[in-house]
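So the chains spell out like this:
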Amino acid sequence: MTRKRRRLIFVLAGMSCLGIATALVLNAFDDNLVFFYSPTDLVQKHPGTTRRLRIGGLVENGSLVTSEGGKRFDFKVTDGKTDLAVSYVGVVPALFREGQGVVAEGKLGPDGRFSAVTLLAKHDEKYMPPEVAEALKRSGEWRPDQQAAAPGAADAPQASARP
Amino acid sequence: MIAELGHFALILALLIAIVQSILPMVGAARGARPLMDVAAPAALLQFGAVALAFAALTHGYVTSDFSLRNVVENSHSLKPLLYKITGVWGNHEGSMLLWALILTLYGAAVAAFGRNLPPSLKARVLSVHGMIGVGFLAFILFTSNPFLRVLPVPPDGQGLNPILQDPGLAFHPPFLYLGYVGFSMAFSFAVAALIEGRVDPAWARWVRPWTLVAWCALTLGICLGSWWAYYELGWGGWWAWDPVENASFMPWLSGTALLHSAIVVEKRDTLKGWTIFLALVTFSLSLLGTFLVRSGVLSSIHAFAVDPARGAFILALLVIAIGGSLVLFALRAPALRSTGSFAPISRESALILNNLLLATAALTVFLGTLYPLFLDVIGGDKVSVGAPYYNATFVPLMVPLVLLMAAGPMMTWKRADLAGVLLRLRLAFGLALAVAVIMIIATKGHEALAPLGIGLAAWLLFGTLKELADRIRLFQAPWDMVRTRLRHTTRASWGMSIAHAGLAVTIAGITIASGWQQEAIQTLHPGESIALAGDVYRFDRVEPLPGPNYSAEQATVAISHDGRTFATVHPSRLTYPLQRMTTTDVAIHTDGFSDRYVVLGDPQPDGGWIFRIYYNPLVPWVWFGALIMVLGGILSLSDRRLRIGAPVRKPKRAGGELAA
């Protein structure tokens, strides 16, 4: 076996490895990217009810209703312009409460209600999820002195409630 | 006063690092021995200076010196002593100082143990290592100085984030950094070899043990991190494909590839360019991880823009280190001559395939981690990439890797007999198949992944055992001969077998733990119980539990099976008044095969408490397997051939040099 031929074999092996990886990655990106929407985006863009997606905003004051022995949570998420009804069954993160920022992952129901599978909140009361801060800035509801994202918040691992 | 001493020592370390990066390099280029000899004492001094700075900062924390801004922001006088010490690296500035300490520790190790290295190579290695030191020490001094004072001196500190007040944090970052930063050694050796234009087996014999040290530490660091997340964060999981986790996993993957390709360089004097490339990539990924975690880009691209100095500084370091080393590689790698030749079916080829698969796997993790950031930077949609992506990309690449892992060690160098190897593996294959079939029956065919995962784990375990048995000719030769062969089996090959078996244990743990977790969430009043996975969890009572810097409520839960109580656990809920934060302290009962995981939630208005209970089968094996891998690595490290390092020159020649 000549050196040239051997090199050709290994280059081909490398290329096929990369090819397989590219195919896997593209396929996975197609199915598994989770897009973020603010409540206003959600109304405007209508992403449909089949895809998993993330929404975020502030938990509207006075909207939180707990039922089923403290397991079920119904609340509204707002970006100041649009409200979105969200329901979640499970245990909420320690800092989940009215007036706080929240990011929820789940699916939009046909009735326009978002059913969350996962709620994300950082273990830091000053923390505002970046997507939420962005969405609030766009809707003009951002008050940085009240809800400044803590610098270095990435140090604290994200705590999330997964049912 | 002591803080100023530390600050001064840090500046001194930077100056020493500058000298260390320039003089030996010039000396090596000109063949000037006195200049080259500056390297070793400089590396030792640099380590001493950084160690002094680190000790000074630790002193500030232990004595609660609130005139230091860093201590004020991250400590509190009521904090237990252990967390005062671990608090030193529980924050940005302190953890960068730990980074620098470990970097200089590795440099000092080359200086102290590298007596057998060719002088020019040693000078260049330490010079490159000095350059990395310059970058990071300058980063600390100019953007993240832990020794800044604050006036007026506040009466007390702001405390450490409560979830970081945990023994797990004491050991996770140091090991992670020992691993991360340890790859700087391979990087320095690779750059030095490119400058020298020479890579030989002696070079690999030096690089391999240091890579192995880094690999062991990183494996342990990732394992501890995953375990800490499991018992501290309270969501019952142990790996979330979070960017912070991926940041440490990418160097692990390419470091594992490097570990294997360095063997080929050492034993067969080929695959040099690729090994050098891997060494550069592995440390680059470590730097990338540091950038991701330390610049704040993960919490938000905008946080990066708010405090651009730190992020931009690390980004510049990243560009210089990666760009510079890759340009050097492009210029010099074609000059590296390989002598060994081999057939497409041989151990060399098996190791190349291992490398290709590991590198590709690292690439998929890389894309999944960075694509959301990339999309955000160019102003596109906001997306997140979660576990489904990695299950669809990373896992399929691991299947051929594990299939190969059992066969690879049986292949001979240069040219292997594939049919013969497969024939030797027929029993392992049959056993693995049987295990997979049993799993299919046990799950009634509803699960596809579980039989595959367990089958692969069995294949790897039995394949590894068969290779070991063949090596010592167990059941094939008289007992005396087996004993002799057993004695002559090197520790390095024991290490390989043990590490591979460890991975089999981890795969089994991952498969079962992710497929069979059971969960219950319910509000309980004292005296009530929940049934889960055949066990009954009875909630007895809640009591207040005072702590040094928190107040807590502790529940008592009795776990019974068939009416027989086998464990009583105490999950609790801690409130830190200083940070106005509540954390949960999970109670875990483990028997080595499965975990009962009890989390105390919020009190309810009707006097009940929410409980979240998980049954996690085989989850401890995830970490047992990782520990077995580390054990294999350590055993391999203790091998005499590796300990000696580069071969000692013949006394005759040394004498000749002296005479001349």
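What you see is a predicted model, and the numbers here were worked out from it, not measured in a lab.

### Things to note about the overall build of chain A
Each helix and strand in chain A was counted, giving three helices and eight strands. Reading the helices (α) and strands (β) of chain A from amino to carboxyl end gives α-β-α-β-β-β-β-β-β-α-β. Across the 163 residues of chain A, 39% fall into the buried class. Considering only contacts in chain A between residues 6 or more positions apart, those separated by 24 or more positions represent 58%.

### A short note on the pairing of strand 6 (residues 101–108) of chain A
Residues and elements named next belong to chain A. A large share of strand 6 lies buried, amounting to six of its eight residues. Where strand 2 (residues 53–59) and strand 6 come together, six bridges link them in antiparallel fashion. Counted as the bridge partner of R54 is E105 from strand 6.

### Points about the sheet that holds strand 2 (residues 518–524) of chain B
Residues and elements named next belong to chain B. Here we have four strands laid out as an open sheet, ordered 2-11-10-9, and antiparallel in their pairing. Strands at the two margins of the open sheet, each flanked by one partner only, are strand 2 and strand 9 (587–590). Taking the axes of each pair of neighbouring strands and ignoring which way they run, one obtains an average angle of 15° across the sheet. As defined by bridge partners, strand 9 adjoins strand 10 (residues 594–603) across four bridges and the pair is classed as antiparallel. The partner of A587 across the bridge, within strand 10, is V598.

### Section: the environment of B:T575
Residue and element names in this part refer to chain B. If you trace the backbone, T575 turns up in strand 7 (residues 572–576). Residue class for T575 comes out partly exposed when judged on the 16 C-beta atoms lying within 10 Å of it. In sequence terms T575 and G87 are 488 residues apart; their C-alpha atoms lie 19 Å from each other. Not counting chain neighbours up to four residues away, the residues in contact with T575 comprise Y550, S551, A552 and T582.

### Side note on the nonpolar core
All names here are of chain B. Grouped together as the largest cluster of nonpolar side chains are 191 residues, with contacts concentrated most on A186, F189 and L460. Per element, the largest residue contribution to this core is 18 residues, and it comes from helix 9 (residues 201–232). In this structure, A186 is in contact with V207, W210, T211, L258, A279, T282 and F283, ignoring residues within four places of it in sequence.

### Examining the packing of helix 6 (residues 92–113) of chain B against helix 7 (residues 119–143) of chain B
Residue and element names in this part refer to chain B. Where helix 6 contacts helix 7, the axes come no closer than 10 Å and their chain directions differ by 165°. Judged by the angle between their axes, helix 6 and helix 7 are roughly antiparallel. In this structure, helix 6 meets helix 7 at a crossing whose hand is left-handed. Each of M96, L97, W99, A100, L103, T104, G107, V110 and A111 in helix 6 lies in contact with helix 7, whose residues at this interface are K122, V125, L126, H129, I132, G133, F136, L137, F139 and I140. In terms of residue class, the contact of helix 6 with helix 7 is built from 14 nonpolar, four polar and one charged.

### Concerning helix 6 of chain B
Here helix 6 of chain B spans 32 Å end to end across 22 residues, near enough to the 32 Å set by a 1.5 Å rise per residue. For helix 6 of chain B, a buried count of 18 out of 22 residues is recorded, marking the element as mostly surrounded by other parts of the structure.

### Quick look at the packing of helix 6 of chain B against helix 8 (residues 167–196) of chain B
Residue and element names in this part refer to chain B. At their nearest, the axes of helix 6 and helix 8 sit 9 Å apart, and the two run at 45° to each other. What the angle tells us is that helix 6 and helix 8 run oblique. Considering the relative orientation of helix 6 and helix 8, their crossing is right-handed. Note on element contacts: helix 8 touches helix 6 through P173, P174, Y177, L178, V181, G182, S184 and M185, opposite S95, L98, W99, I102, L103 and Y106.

### A short note on the confidence of the model for chain B
Residue and element names in this part refer to chain B. Taken residue by residue, chain B gives an average pLDDT of 87. The fraction at 70 or more is 95%. For chain B, the element scoring lowest by mean pLDDT is helix 23 (residues 651–659), at 37; helix 3 (residues 39–62) scores highest, at 96. Within the model, the stretch residues 645–660 combines pLDDT values under 50 with 12 contacts to residues more than four positions away or in other chains.

### Comments concerning unusual backbone geometry
Residue and element names in this part refer to chain B. Backbone torsion omega between L151 and P152 reads -5°, so that peptide bond is classified as cis. When you line up the elements, P152 lands in the loop between helix 7 and helix 8. Unusually for a residue other than glycine, L271 sits at a positive phi of about 65°. Examined against the element boundaries, L271 turns out to sit in the loop between helix 10 (243–268) and helix 11 (272–294). Since 26 C-beta atoms lie within 10 Å of it, L271 is described here as buried.

### Some thoughts on the domain arrangement of chain B
Residues and elements named next belong to chain B. Domain parsing of chain B yields domain 1 (1–165), domain 2 (425–515 + 621–630) and domain 3 (518–616). Inter-centroid distance (C-alpha atoms) of domain 1 to domain 3 is 43 Å. Contact with domain 1, which involves seven residues of that partner, is made by nine residues of domain 3. Grouping the constituent residues of the side of domain 1 that touches domain 3 by class yields four nonpolar, two polar and one charged.

### Structural notes on helix 10 of chain B
All names here are of chain B. Helix length check: helix 10 (26 residues) gives 37 Å between terminal C-alpha atoms against 38 Å at 1.5 Å per residue, within 8%. The buried count for helix 10 comes to 23 of 26 residues, which makes it a mostly enclosed element. Phi for D269, located one or two positions after helix 10, is positive at around 55°.

### Here's the deal with the pairing of strand 2 of chain A
All names here are of chain A. Burial analysis of strand 2 places seven of its seven residues in the buried class, which makes it a mostly covered element. Examined bridge by bridge, strand 1 (residues 33–37) and strand 2 share three bridges and lie parallel to one another. Looking at the pairing, F35 lines up with L53 of strand 2. Sheet topology places strand 2 next to strand 4 (residues 72–78); two bridges connect them, and they run antiparallel. Paired with L58 across the two strands is T78, which belongs to strand 4.

### Quick word on the environment of B:D639
Residue and element names in this part refer to chain B. Here D639 is to be found in the loop between helix 21 (619–637) and helix 22 (640–644). Sequence spacing of D639 and P209 is 430 residues, and the spatial spacing of their C-alpha atoms is 9.7 Å. Contact partners of D639, with chain neighbours within four places excluded, come to T490, R491 and A492.

### Points about the confidence of the model for chain A
Should pLDDT be low for a region, the predicted coordinates there are not to be read in detail. Residues and elements named next belong to chain A. Chain-level pLDDT for chain A is 75 on average; 71% of the residues reach the 70-or-more range. No element of chain A has a lower mean pLDDT than strand 8 (residues 159–161), at 41, and none a higher one than strand 5 (residues 83–89), at 90. Confidence drops under a pLDDT of 50 for residues 144–163, and excluding neighbours within four residues, the segment shows 61 contacts in the predicted structure.

### A look at the environment of B:A555
Residues and elements named next belong to chain B. For A555, the position within the fold is in strand 5 (residues 551–561). Taking the C-alpha atoms as reference points, A555 and D540, 15 residues apart in sequence, are found 7.4 Å from one another. Each residue touching A555, except ones within four places of it in the same chain, is listed here: F539, V542, H570, P571, S572, L600 and W609.

The rules behind the values
- Residues numbered from 1 in each chain as written.
- Chains lettered and ligands numbered in written order.
- Predicted model: local features only at pLDDT ≥ 70, side-chain atom pairs only at ≥ 80, totals over all residues.
- Helix = DSSP H or I, 4+ residues; strand = E, 2+ residues; numbered from the N terminus.
- Buried ≥ 20, exposed ≤ 12 C-beta atoms within 10 Å, placed from the backbone.
- Contact = placed C-beta atoms within 7 Å.
- Pairing = 2+ DSSP bridges.
- Axes fitted to C-alpha atoms, helices over the stretch in contact; angles between N-to-C directions.
- Core = buried A, V, L, I, M, F, W, Y, C linked by C-beta atoms within 7 Å.
- Parallel < 35°, antiparallel > 145°, perpendicular 65-115°, else oblique.
- Left-handed = near helix turned anticlockwise from the far one by under 90°.
- Nonpolar A, V, L, I, M, F, W, Y, C, P; charged D, E, K, R; others polar.
- Expected span 1.5 Å × (residues − 1).
- pLDDT = per-residue confidence, 0-100.
- Domains from an automatic or database assignment.

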